[in-house]
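This is what each chain is made of:
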Amino acid sequence: MRIKHISIGLFLIVLISCNSNTKSTNLEQGTYSDIRITGAMKNVMWKGELGGIIKLDSIENKIGLYGIGPESYLTGEILINDGQAYVSKVLTDSTMTVKKSFDVSAPFFVYANVTEWNKIDLPSSIKSIKDLEKFIDENSSECKRPFAFKLKGDVLKAIIHIQNLPKGTPVSSPEEAHKGQVNYNLKNEDVEIIGFFSTKHKGIFTHHDSFLHLHLITKDESKMGHLDMVEFNKMELYLPNK
């Protein structure tokens, strides 16, 4: 009975966090009431459209701004976390640089302004990205989608990557796009994860097999990249309060 009550409570919190009115629009150049989408992942991966089509310093409203995407020409990763932009680049197969800067462009990017959040303690049964995707999907069926979300807390382990495409490399497939990519293993880190959820944007700002796109940054801001694998420990999930 206690588990049932907890589940119902979590559902009500998620439901309150969302708005069921969805505004339909062009998927690749989306202007929803909260979410802005520029470019498409599939055009980068399959058509080799690597050049920047959005400059981050052109985004005027930076209050409560969150966003994720790769750097133009796939030379790094970009994260905007509560109005602060970060760019990570590969140094070696075990080290990276993370710089605060809006002076960067992206070949595709998704971003949103969120100033009010509802916090949920992530259930201990949620251990992986797939678990998280299922939990969010099942508990946000009445939400206005797509939406931004974030997590704060501890991860037991994680793998993040940074794109590091050699200059001049032609790209016509995901395999070519990931040439030079470097993976980094994290253990027992205090982190923030910025994510975007959608069931209708595969190949646009999520991969073909996922409803999520996630970037992770460590609390000390020394490591940041696209999140590929994670084992959650104690985490808090934040959903937009709309």
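Our subject is the structure that appears above.
Residues numbered from 1 in each chain as written. Predicted model: local features only at pLDDT ≥ 70, side-chain atom pairs only at ≥ 80, totals over all residues. Heavy atoms only, no water.

Draft legend 1. Structural view of the overall build of the protein chain. Looking only at helices and strands, the protein chain has four helices and 13 strands in total. Within the span of the protein chain, comprising 242 residues, buried residues form 52% of the whole. Long-range pairs, those at least 24 residues apart, make up 72% of the contacts in the protein chain with a sequence separation of at least 6. As presented, the protein chain carries roughly 11600 Å² of accessible surface, and 50% of it is formed by carbon and sulfur atoms. (Helix = DSSP H or I, 4+ residues; strand = E, 2+ residues; numbered from the N terminus. Buried < 20%, exposed > 50% of the residue type's maximum accessible area, 1.4 Å probe, protein only. Contact = heavy atoms within 4.5 Å. Areas by Shrake-Rupley, 256 points an atom, 1.4 Å probe, with all protein chains shown as cover.)

Draft legend 2. Representation of the side chain of T169 in the model. Relative to the elements of secondary structure, T169 occurs in the loop between β10 (147-162) and α4 (174-177). In this structure, T169 is in contact with L50, E176 and K179, ignoring residues within four places of it in sequence.

Draft legend 3. Local environment of the side chain of S173. The residue S173 is located in the loop between β10 and α4 in this model. According to the relative accessible area criterion, S173 is buried, its value standing at 13%. Not counting residues up to four positions away in its chain, the partners in contact with S173 are M45 and W46.

Draft legend 4. Here's a closer look at the pattern of salt bridges. Tallied over the entire structure, the rule returns seven salt bridges. Linking K89 and E71 is a salt bridge whose minimum nitrogen-to-oxygen distance equals 2.6 Å. With a gap of 18 residues between them, K89 in strand β5 (residues 84-90) and E71 in the loop between β3 (65-70) and β4 (77-81) connect regions that are remote in the sequence. Classification of E71 by relative accessible area gives buried; the value is 12%. Note that E189 and K223 form a salt bridge whose closest N and O atoms lie 3.3 Å from each other. (Salt bridge = Lys/Arg side-chain N within 4 Å of Asp/Glu carboxyl O.)

Draft legend 5. Main features of the pairing of strand β13 (residues 224-240). Relative to β13, strand β9 (residues 117-121) runs antiparallel, the two being bridged by five bridges. Residue pairing for β13: I120 is matched across the bridge by L237. Of the strand pairs in this sheet, β10 and β13 are connected by 10 bridges, and their pairing is antiparallel. Its bridge partner lying in β13, A158 is registered against V230. Sheet analysis places strand β12 (residues 212-218) next to β13, joined by three bridges and oriented antiparallel. For I217, the partnering residue across the bridge sits in β13 and is M224. Here β12 folds back onto β13, and the loop between the two strands holds five residues, one of which, E221, carries a positive phi near 65 degrees. (Pairing = 2+ DSSP bridges.)

Shape is all these values report; function is a separate question.
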